[in-house]
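Below are the chains, spelled out letter by letter.
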Amino acid sequence: MQIQDILAVTQDEFQAVDSLIHEQLASRIPLVEKIADYIVSSGGKRIRPLLVLMSAKAFDRCDAEAIKLATVIEFLHTATLLHDDVVDTSDMRRGNPTANAKWGNAPSVLVGDFLYSRAFQMMVELKSLEVMDILSSATSVIAEGEVLQLTNVKNPDVDEARYMDVIHGKTAMLFEASTHAAARLLQLDSDTTLALKEYGKELGMAFQLIDDVLDYEGDAETLGKNVGDDLAEGKPTLPLIHAMANAPEADAKLIRQAIRKGGLDNMDDVLRIVRDNGSLDYTRQKADECADRAQQHLKLLPDSDAKAALAALALLAVKRNT
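Residues numbered from 1 in each chain as written. Predicted model: local features only at pLDDT ≥ 70, side-chain atom pairs only at ≥ 80, totals over all residues. Heavy atoms only, no water.

## Observations concerning empty space enclosed by the protein
- Under the counting rule described, the total for this entry stands at 1 cavity of 30 Å³ or more.
- Its boundaries defined by the atoms lining it, the largest cavity holds a volume of some 40 Å³.
- The wall of the largest cavity is formed by Y38, I39, S42, D85, R93, N96, P97, T98 and A99.
- Every element with two or more residues in the lining of the largest cavity is listed here: α3 (30-40) and β2 (96-97). (1 Å grid on protein atoms, 1.4 Å probe; cavity = no way out; pocket = protein on both sides within 12 Å on 5 of 7 lines; lining within 4 Å. Points joined across faces, edges and corners; volume = space filled by probe spheres on them. Helix = DSSP H or I, 4+ residues; strand = E, 2+ residues; numbered from the N terminus.)

Laid out in structure tokens, this is it:
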């Protein structure tokens, strides 16, 4: 399956989500609506709401409630993007200027708050305390993950276990919450609920690990962001952590200094070191392992086009170049 085949499985429902998104963006404050519409319409893959739809479709229950839950998930994700871009002082996302680059930090943060609030309004309408518990807990974990990442900036002593904890919080948690909340909305049995939850988690981990690789081997035009952003911000991602643990002492020291300093002055040397020590391959291997585990968790689901699409999505997550 290619991405277009995956999207075709929930094409009608996906269009319904898109319509509901734009309906729920309505605000009496024009700037709120303008910024929210800009970031929501900026070309994202919308994988997280897609996970909700496909999870529900796998049990032939992709109804209006599932569409609303998918919209809630997209609003939560978009709110985190607005806030993240301010924290990271990013000026480019998905090939376009970030909202904070166009309108400034304060409006971006406040519109992110608006999207969080709108998401929780819609959550109440679902009338499921279990779903509210999952998503409210997830937003707390995501915030903690972002703070943990912030405390790790320019710290070359972060180890692999600590880094995996960071990416679970800041990225994989919303993938996990998407499939977990969908399962509880459908009131599936505990074993199937756990399987879908773990599928989402492993998919999210794989997705972030490939993002880490692409930061060192992609190009800005393809990625829609600045290559080397992680190094420029002093973020010790897995390719750097692996390289420091396996490179000769002089090379490991160079990476440590590059992380502490931030910026791109040593980008060429860092690229050479992570390649020479197989650090990009190692990170891809870890992503492949996550994707394999994600596919294994789907065994409890009944055979369907949606199940096949979920399995294919795990494979595509680690084969992508954007």
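## Quick notes on the nonpolar core
- Counting 85 residues, the largest nonpolar core has L51, L69, L115, L135, Y199, L203 and L313 as the members making the most contacts within it.
- Ranked by the residues each element gives to this core, the list is headed by helix α9 (residues 160-185), at 12 residues.
- Those residues in contact with L135, other than ones at most four positions away along the chain, are L69, V72, I73, L76, M123, A177 and A181.
- Counting 17 residues, the second-largest nonpolar core is a separate cluster that includes L254, I259, L271 and L280. (Core = buried A, V, L, I, M, F, W, Y, C linked by side-chain atoms within 4.5 Å. Buried < 20%, exposed > 50% of the residue type's maximum accessible area, 1.4 Å probe, protein only. Contact = heavy atoms within 4.5 Å.)

## With respect to the pattern of salt bridges
- Tallied over the full model, the rule gives 18 salt bridges.
- We note a salt bridge from R284 to E217, for which the minimum N-O separation is 2.5 Å. With a gap of 67 residues between them, R284 in helix α16 (residues 279-296) and E217 in helix α10 (residues 190-217) connect regions that are remote in the sequence.
- Residue class for E217 comes out partly exposed when judged on its relative accessible area of 37%.
- In this structure, the salt-bridge partner of K307 is D303, at a minimum N-O distance of 3.1 Å.
- Take K307: its relative accessible area is 15%, and that puts it in the buried class.
- When its relative accessible area of 72% is taken as the criterion, D303 is described as exposed.
- Among the charged side chains, a salt-bridge network with shared partners connects D18, R46 and E74. (Salt bridge = Lys/Arg side-chain N within 4 Å of Asp/Glu carboxyl O.)

## Some words on the environment of R118
- Turning to its location among the elements, R118 is positioned in helix α7 (residues 105-126).
- In this structure R118 comes out as buried when scored by relative accessible area, which is 16%.
- Distance in space between the C-alpha atoms of R118 and E202 is 28 Å, their sequence separation being 84 residues.
- Once you skip the residues sitting within four places of it in the chain, R118 turns out to touch Q24, L25, A26 and F75.

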